[in-house]
Amino acid sequence: ERAGADLLHLDVMGGNFVDNITYVPDVVAAFRRLAVMRLDVHMMIAVPARYMDRFVAAGPQSVSFHVETPAPAEAKTFHVRDGLALRLAKKAGLHVALLSGRRSAAVVHRSRELQLDTVMLGEGDKGKAFDTFLESHGTSASKVAAIGDDLPDLPLLAASRLAYCPADAAPEVKKCAHVVLDTA
C-alpha cells in the first residue's frame, strides 16, 4: 500500500497445477483484515462451487473464477457487491430477475447461489423476453428497474421505469439510461 498499489490480487490455485489450494479462506480473511486496498480473489481451482461461499465470506471485494479442466471452460467474473445488492433487494421484498441473451454454466450457478426469483437465459430477443416476463408476472414496465450494458438491452431499458447502466456501457445504452453508474 505504501508503494501505491490499490489492489491485492490473490491467485487461489488447486486441483491441477498444484496439489493443494494455495490460499485457504482463512488466509484471504487475514489479508482482508490487514489490507486497506481492494482485495480480488481469482479462483483457479478444479471445482470452484465447492469453495465459493467460504471465499466470498472471507471478505474480498471481488471474486473471479474459471475451471481448470482439460476441456475449454468459460470464465466469468462476478463482483461480490453485486451479489450483496441483489440479496438486499430480495430482503426488501423486491422480485429479482436475470435476463440474459446467453446461456452459461457460471451464470446458472451464480443465479442459484443468489436465489434469484426469475432466471431467463438464452433469450435472443430481450424485448420479447421482457414482455413475456411482464405478462407472466402480471406487472408492467412502469414498475420495473433494469440495468444493462449493451445494445440488446435497449428494449427493456427503454421500457423500464428506471434504467441503469455501468460506466463502460455502450454509448447508445448510456443515452437511454436514467442513471449511468460511476464504476463499471
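This one's a predicted model, so the numbers in the text were calculated from it and none came from an experiment.

Definitions and limits used
Residues numbered from 1 in each chain as written. Predicted model: local features only at pLDDT ≥ 70, side-chain atom pairs only at ≥ 80, totals over all residues. Heavy atoms only, no water. Helix = DSSP H or I, 4+ residues; strand = E, 2+ residues; numbered from the N terminus. Buried < 20%, exposed > 50% of the residue type's maximum accessible area, 1.4 Å probe, protein only. Contact = heavy atoms within 4.5 Å. Areas by Shrake-Rupley, 256 points an atom, 1.4 Å probe, with all protein chains shown as cover. Pairing = 2+ DSSP bridges. Core = buried A, V, L, I, M, F, W, Y, C linked by side-chain atoms within 4.5 Å.

Description of the overall build of the chain
Summing up its helical and strand segments, the chain has 7 helices and 9 strands in all. Counting all 184 residues of the chain, 35% fall into the buried class. Considering only residue pairs separated by 6 or more positions, the chain has 37% of its internal contacts joining residues 24 or more positions apart. Just so you have it, the chain exposes about 11200 Å², and 55% of that area is on carbon and sulfur atoms.

Here's the deal with the sheet that holds strand E9 (residues 179–180)
Ordered in space as E7-E8-E9, the 3 strands form an open sheet in which the pairing is parallel. Each edge of the open sheet is held by one strand with a lone partner, namely strand E7 (145–147) and E9.

Observations regarding the nonpolar core
Core analysis: the largest hydrophobic core is formed by 16 residues, its most contacted members being Phe 130, Phe 133, Leu 134, Leu 157, Cys 165 and Val 173. Secondary-structure elements contributing two or more residues to this core are helix H5 (126–136), helix H6 (154–159) and strand E8 (162–165). Counting residues per element, this core draws most heavily on H5, which supplies 4 residues. Those residues in contact with Phe 133, other than ones at most four positions away along the chain, are His 95, Ala 97, Thr 118 and Met 120. With 14 residues, the next largest nonpolar core counts Val 12, Ala 29, Val 41 and Met 43 among its residues.

By themselves, these figures tell us nothing about what the structure is for.
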